[in-house]
Amino acid sequence: MNEKSLVVVTGAARGIGEATVRKFASMGHSVAALDVNRERGEALASELQTAGQQVVFHACDVADADAVDDLAARVQRDLGSPSVLVTSAALIPNTESIMEMDLGAHDRMWRVNYHGTVHACRSFGRQMVAAGRGGSIVTLGSINSVLPMPLPAYNPGKAAIARLTQLLAAELGRHHIRVNSVGPTYVMTPELQARIDSGQRDLAKMMKVHALDILPTPADVAEAIAFLSSPAARAITGILMPVDSGWTASATYMTYSGGVPWESDTGSPTA
Ligand SMILES: NC(=O)c1ccc[n+]([C@@H]2O[C@H](COP(=O)([O-])OP(=O)(O)OC[C@H]3O[C@@H](n4cnc5c(N)ncnc54)[C@H](O)[C@@H]3O)[C@@H](O)[C@H]2O)c1
């Protein structure tokens, strides 16, 4: 990534994608922000343009391979080929049983979350290879990439994205394109805060399995993405970097009779 590079972000209108747009734009990069949510995407681009930053919004459904290809060609015509791609577009589910789930919704989630990641990595990855300048791709994994959770399509899809990230890292490494994933735990988005406030989510229960007593914000995840795309990470490729407040490190403590250290009197595991 040079001082002024082109960064493409999918799922850019909200949450982690939006925070990523804000981060790279504030660093002086040009950002192409892609999302199906035209209203929010255009409002974000217009806000940042008014602040003197270079952000253009494009409506794009990442589930549609041809649409992503066409848009990539348009972005290249207008702005050149990217040095950084961040794939944040996804549908976020609620807990569901495999026996009961709607198969149409299941297939759509795979199309957006997994296939959408493949489509963006292919269309923009090909441009990065052809440009010969190297670059960075960061996919959005999750703690769902690491362990099973009762979220059909979403959970196995995130495991598949972690493996896809490794395959891309191997395929693109000699083109000096690094491919990594970030794996957030529950991110403190406005939507999560609203669910906590309305009693739909129990924050105390969620915090039981995190070593740190904070949840990451979208900006925390954007910082990790910016690091992975920076020259400081030049020897890092093919990894899933947890941004999980220690969830991966401590989740299995709940199954151990000693429990989590922060709930014992001594601050250490007991039995
Ligand atoms: N929020 C979390 O707790 C959390 C935790 C771990 C991983 N993640 C991952 O981070 C990424 C972003 O999550 P978020 O919390 O910012 O979600 P979000 O719902 O706030 O944002 C997702 C964005 O993707 C867009 N989008 C949805 N379908 C699309 C499509 N077909 N084409 C283009 N854009 C589309 C939405 O319009 C939205 O703007 C996702 O991959 C998610 O799985 C989120």
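Residues numbered from 1 in each chain as written. Predicted model: local features only at pLDDT ≥ 70, side-chain atom pairs only at ≥ 80, totals over all residues. Heavy atoms only, no water.

**Overview of the nonpolar core**
In this structure, Val-21, Phe-24, Val-31, Val-55, Val-182, Val-221 and Ile-225 are the most contacted members of the largest nonpolar core, which totals 27 residues. Per element, the largest residue contribution to this core is five residues, and it comes from helix H8 (residues 218-228). Residues within four places of Val-55 in sequence aside, it is in contact with Val-21, Ala-25, Val-31, Ala-33, Ala-45, Leu-48 and Gln-49. (Core = buried A, V, L, I, M, F, W, Y, C linked by side-chain atoms within 4.5 Å. Buried < 20%, exposed > 50% of the residue type's maximum accessible area, 1.4 Å probe, protein only. Helix = DSSP H or I, 4+ residues; strand = E, 2+ residues; numbered from the N terminus. Contact = heavy atoms within 4.5 Å.)

**Topic: the environment of Thr-185**
Among the structural elements, Thr-185 can be located in the loop between strand E6 (177-184) and helix H6 (190-197). What makes Thr-185 buried here is its relative accessible area of 5%. Distance in space between the C-alpha atoms of Thr-185 and Leu-215 is 7.5 Å, their sequence separation being 30 residues. With residues near it in sequence (within four places) discarded, Thr-185 still touches Ile-143, His-210, Leu-215, Pro-216, Val-243, Asp-244, Ser-245 and Trp-247. A distance of 2.7 Å separates a polar atom in the side chain of Thr-185 from a polar atom in the side chain of His-210. (Polar contact = N/O pair within 3.5 Å; in protein donor to acceptor, adjacent residues only side chain to side chain.)

**Description of the layout of surface pockets**
The calculated volume of the largest pocket comes to roughly 1,500 Å³. As for the largest pocket, its lining consists of 47 residues, of which Ile-92, Pro-93, Tyr-154, Thr-189 and Arg-195 are closest to the centre. Those elements giving two or more residues to the lining of the largest pocket turn out to be helix H1 (15-26), strand E2 (30-35), helix H4 (103-131), helix H5 (154-172), H6 and helix H7 (203-207). (1 Å grid on protein atoms, 1.4 Å probe; cavity = no way out; pocket = protein on both sides within 12 Å on 5 of 7 lines; lining within 4 Å. Points joined across faces, edges and corners; volume = space filled by probe spheres on them.)

**Brief notes about the site of the ligand**
Surveying the vicinity of the ligand reveals 27 residues, the closest of which are Ile-16, Asp-35, Asp-61, Tyr-154 and Val-187. At 2.7 Å, a backbone N or O of Ile-16 approaches an oxygen atom of the ligand. Contact distances for the ligand include 2.6 Å between an oxygen atom and a side-chain N or O atom of Asp-35. Contact with the protein chains removes 91% of the 830 Å² of surface that the ligand exposes when unbound. The site holding the ligand turns out to be the largest pocket. For the shell around the ligand, the secondary-structure elements that each account for two or more residues are H1, H4 and H5. (Near = heavy atom within 4 Å. Areas by Shrake-Rupley, 256 points an atom, 1.4 Å probe, with all protein chains shown as cover. Sits in = over half its atoms within 2 Å of the grid points.)

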